[in-house]
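# Reading the structure
Here is what each chain is made of, one letter per residue.
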Amino acid sequence: MDLNKSITFAEGVDTSEVLPQVEKLLEDGWVLNEEGNGLKKRFHFNTFTKVMDFGICIAIKSKRVNHHPELTLKAGTVDAFWTTHVPPGLSMKDVRMANYCEDAARDMVIPVEQSQAMDCSSRG
């Protein structure tokens, strides 16, 4: 598969700089959305507090760099989606923030495998 043809890049993106980083993110479990203009991943945590910690960590960094994701927080999981709206497409901002999510999950919050994630249906 030609990854370069699968991605809709934002205008002005240096694909030679972005593509290697996108490839690494895909190896780390990120996927391109159907339109090829964004990156998404589900992170798993064993407590709701860790879910919230991760969400707040991403929110603070997002505010600082003025680039905001779609985040869906549930008991045990956080879905993160990064795309650029102006100009539309995948940009270095999305790649940087996806990398930040990886770092935050690994270094600050400590994600777990899906089988270890909190599941409200299993609680009394």
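Rules and cut-offs
Residues numbered from 1 in each chain as written. Predicted model: local features only at pLDDT ≥ 70, side-chain atom pairs only at ≥ 80, totals over all residues. Heavy atoms only, no water. Helix = DSSP H or I, 4+ residues; strand = E, 2+ residues; numbered from the N terminus. Buried < 20%, exposed > 50% of the residue type's maximum accessible area, 1.4 Å probe, protein only. Pairing = 2+ DSSP bridges. Core = buried A, V, L, I, M, F, W, Y, C linked by side-chain atoms within 4.5 Å.

This brings us to the side chain of threonine 77. Of note, threonine 77 is situated in strand E4 (residues 77–85). Among the residues examined, threonine 77 registers a relative accessible area of 11% and is labelled buried.

Here we come to the pairing of strand E3 (residues 70–74). Of the strand pairs in this sheet, E3 and E4 are connected by five bridges, and their pairing is antiparallel. Residue threonine 72 lies in a different strand from E4, and its bridge partner there is aspartate 79. Hairpin connection, E3 to E4: the antiparallel pair is bridged by two residues, and glycine 76 has positive phi, about 95°.

Attention now moves to the nonpolar core. Formed by 28 residues in total, the largest nonpolar core has its most connected members in Trp30, Leu39 and Phe54. Among the elements of the structure, helix H2 (15–27), strand E2 (38–44), helix H3 (48–65), E4 and helix H4 (92–109) are those that each provide at least two residues to this core.

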